Amino acid sequence: MTLPRSLLRTTFAAALLACSAHAAQADQLDDIRKSGKLRVAVAIGIPLFSFTDAAMEPTGSDVETARELARGLGVKLEVVPVTTAARISTLQARRADMTISVMSITEERAKVVDFSVPYAAITIITAAPRDVKIAGYADLAGKRIGLTRATTNDTLTTKEAKGAEIMRYEDDATLITSAVTGQVSIFSATPSTMDEINRRAPGKNFEIKFSQLDSPLGIALNKGEPRLKEWVDRWVSANLESGKLNQIYRKYHGRDIPNVVVKTAQN
């Protein structure tokens, strides 16, 4: 069957358009430099990593890392505020160029995004008031535990805390409020989140019951952007070696980046 000439022209034009669209997305590194702007998705409200200061400006170790990375690219930083659960979907929708937002490098996430070599780490703990006896996951059976949805905390606790009632919150800020107001008295989070809860409700006397994981964090990128990933990997490695990333981490967390980050980045 012979197709009408007009239909052939339309089909050819559509193919050219598709190729052009693919080519426009094929090199995100050049696109970022041409635009003069780096859009970074960040979940605001995670103590020490990403929060707002007294002037209501985003700050924290992840925000400062993003700012330094943009400076390395020679462009301005645009922080794209997202919820914790939307960190990947925002990236996939190309509303951001990358995500720097306490994202543990996991096999499940690596199926849908690419990760840079680790740039920092997060320590995950289970905390409860001083008079509550919890030594491990088995002691959580029959108890209510709060955590932030779509996090490594969520995956790990769901897998290991058999018989626990898990209360999932959309972000760390809501989890903090729930612990402060007594909606939950046990939670899985970070030491910095626990410190913030104790600051707001000192009488509750939350303490670390057991450590769940020291998890390396990666910068998340869309798949199919090899030049951008290569540039980010080189930038992270160079700034780990120079001590700049450790300087940022120490400024906000009061300790050095865990050795697991440096060792993983070198492999």
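The following paragraphs examine the structure supplied in this document.

Parameters and conventions
Residues numbered from 1 in each chain as written. Predicted model: local features only at pLDDT ≥ 70, side-chain atom pairs only at ≥ 80, totals over all residues. Heavy atoms only, no water. Helix = DSSP H or I, 4+ residues; strand = E, 2+ residues; numbered from the N terminus. Axes fitted to C-alpha atoms, helices over the stretch in contact; angles between N-to-C directions. Parallel < 35°, antiparallel > 145°, perpendicular 65-115°, else oblique. Left-handed = near helix turned anticlockwise from the far one by under 90°. Contact = heavy atoms within 4.5 Å. Nonpolar A, V, L, I, M, F, W, Y, C, P; charged D, E, K, R; others polar. Buried < 20%, exposed > 50% of the residue type's maximum accessible area, 1.4 Å probe, protein only. Polar contact = N/O pair within 3.5 Å; in protein donor to acceptor, adjacent residues only side chain to side chain. Arc of directions from axis to C-beta.

### Overview of the environment of Lys34
Mapping Lys34 onto the fold places it in helix H2 (residues 28-35). Each C-alpha atom, one on Lys34 and one on Val75, is 9.0 Å from the other, the two residues being 41 residues apart in sequence.

### Notes on the packing of helix H7 (residues 172-180) against helix H8 (residues 191-200)
The geometry of H7 relative to H8 is characterised by a closest axis approach of 10 Å and an angle of 45° between their N-to-C directions. The angle between H7 and H8 falls in the class oblique. As for how H7 packs across H8, the hand of that crossing is right-handed. Contacts from Asp172, Ile176, Thr177, Ala179 and Val180 in H7 reach Thr193, Glu196, Ile197 and Arg200 in H8. Here the contact of H7 with H8 is composed, by residue class, of four nonpolar, two polar and three charged.

### Notes on the side chain of Ser104
Along the chain, Ser104 turns up in the loop between strand E5 (98-99) and helix H5 (107-110). Take Ser104: its relative accessible area is 2%, and that puts it in the buried class. A distance of 2.7 Å separates the side chain of Ser104 from the side chain of Ser215, its partner in a polar contact.

### Here we look at H7
When we look at burial in H7, the residues that qualify are Asp172, Leu175, Ile176, Ser178 and Ala179. Around the axis of H7, the buried residues are gathered within 160° of arc, so they sit on the same side. Lining the buried residues of H7 we find strand E8 (144-148), strand E9 (165-169), strand E10 (187-189), H8 and strand E11 (206-217). Where H7 terminates, the next one or two residues include Gly182, which has phi positive at roughly 85°.

In short, shape yes, function no, at least from these values alone.
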